Amino acid sequence: MYKIPNVKIESNTLFDLIYGKIKTDILLSAIELKIFNLTIKPCKIQEITCILNWNEKNTELFLNALCSIDLLIKKDNLYFNTIISNTFLVESKQTYLGDFLIMIHQSHIQNKDQMKKLIMNGSIDQDQQIEFSDEFYSLNLKSMRNLALSGFAQKISEIISSL
């Protein structure tokens, strides 16, 4: 008979890390698909799928996933943005952070690959270092402006004023 180990600690921390990645994927997909632009006002799933010509069942599952991570609200079969998604994830807002979040994620993917190389080899050759395009820098500038407008600059000002 196989004896089951008596484990005194929980593995929740590990699963929280993995599920965090899934939440990130849901968020980034929603940004790239521009969902939050459509859900500024409450709308039915059929309205969204009709406008975008998407699969209704899968779109509903996706919108429900966004509800589960508090980026959409579902009430009476209507979907609409939460305060945070309406403030930071609607492209027409000055406080839009979607591009910035995507940019951060892309740099983390590249850094993850470089991290393994650094751990194994100690350094990275100059020709293996990440190069960024002019488009990247242009998006970076716009994203940094939006980051400042999203309350970040206001928070820094408050901290400095309190000194």
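The structure contained in this document is the topic of the report that follows. The shown structure was predicted, so the numbers you read here are calculated from the model rather than taken from an experiment.

## Looking at the pairing of strand S1 (residues 72-75)
The side chains of a regular strand alternate between both faces of the sheet. Pairing between S1 and strand S2 (residues 78-81): four bridges, direction antiparallel. Within S2, the position partnered with Lys75 by the bridge is Leu78. Taking the residues between adjacent antiparallel strands as the criterion, S1 and S2 are bridged by two residues, where Asp76 takes a positive phi near 55°.

## Section: unusual backbone geometry
One non-glycine residue, Asn53, lies in the positive phi region at around 60°. Positive phi values are uncommon outside glycine, yet Asp76 reaches one of about 55°. Mapped onto the elements of the fold, Asp76 is located in the loop between S1 and S2.

## Quick word on a nonpolar patch on the surface
Side chains of Leu14, Phe15, Leu17, Ile18, Tyr19 and Ile22 sit close together on the surface and give an oily, nonpolar patch of about 650 Å² of accessible area. If you trace the backbone, Ile18 turns up in helix H1 (residues 12-32).

## What about the side chain of Ser85?
Relative to the assigned elements, Ser85 resides in helix H5 (residues 83-88). By relative accessible area, which is 0% here, Ser85 ends up buried. Side-chain polar atoms of Ser85 contact the backbone oxygen of Leu71, separated by 2.7 Å. Here Thr82 takes part through its backbone nitrogen, which lies 2.9 Å from a polar atom of the side chain of Ser85.

## With respect to the nonpolar core
Ile31, Ile35, Phe36, Leu63, Leu66, Leu71 and Leu72 are the most contacted members of the largest nonpolar core, which totals 23 residues. For this core, the elements supplying multiple residues, two or more each, are H1, helix H2 (35-38), helix H3 (45-52) and helix H4 (56-68). When neighbours within four sequence positions are excluded, Ile35 is seen to be in contact with Ala30, Trp54, Phe62, Leu63, Leu66 and Leu72.

## A short note on the side chain of Thr95
Tracing the chain through its elements places Thr95 in the loop between H5 and helix H6 (98-121). Thr95 sits in the buried class, given a relative accessible area of 16%. Within the structure, Thr95 has its side chain in polar contact with the backbone oxygen of Thr87 (distance 2.3 Å).

Cut-offs applied
- Residues numbered from 1 in each chain as written.
- Predicted model: local features only at pLDDT ≥ 70, side-chain atom pairs only at ≥ 80, totals over all residues.
- Heavy atoms only, no water.
- Pairing = 2+ DSSP bridges.
- Helix = DSSP H or I, 4+ residues; strand = E, 2+ residues; numbered from the N terminus.
- Patch = residues over 30% accessible without salt bridge, like charges linked within 9 Å, V, L, I, M, F, W, Y side chains within 5 Å.
- Areas by Shrake-Rupley, 256 points an atom, 1.4 Å probe, with all protein chains shown as cover.
- Salt bridge = Lys/Arg side-chain N within 4 Å of Asp/Glu carboxyl O.
- Buried < 20%, exposed > 50% of the residue type's maximum accessible area, 1.4 Å probe, protein only.
- Polar contact = N/O pair within 3.5 Å; in protein donor to acceptor, adjacent residues only side chain to side chain.
- Core = buried A, V, L, I, M, F, W, Y, C linked by side-chain atoms within 4.5 Å.
- Contact = heavy atoms within 4.5 Å.

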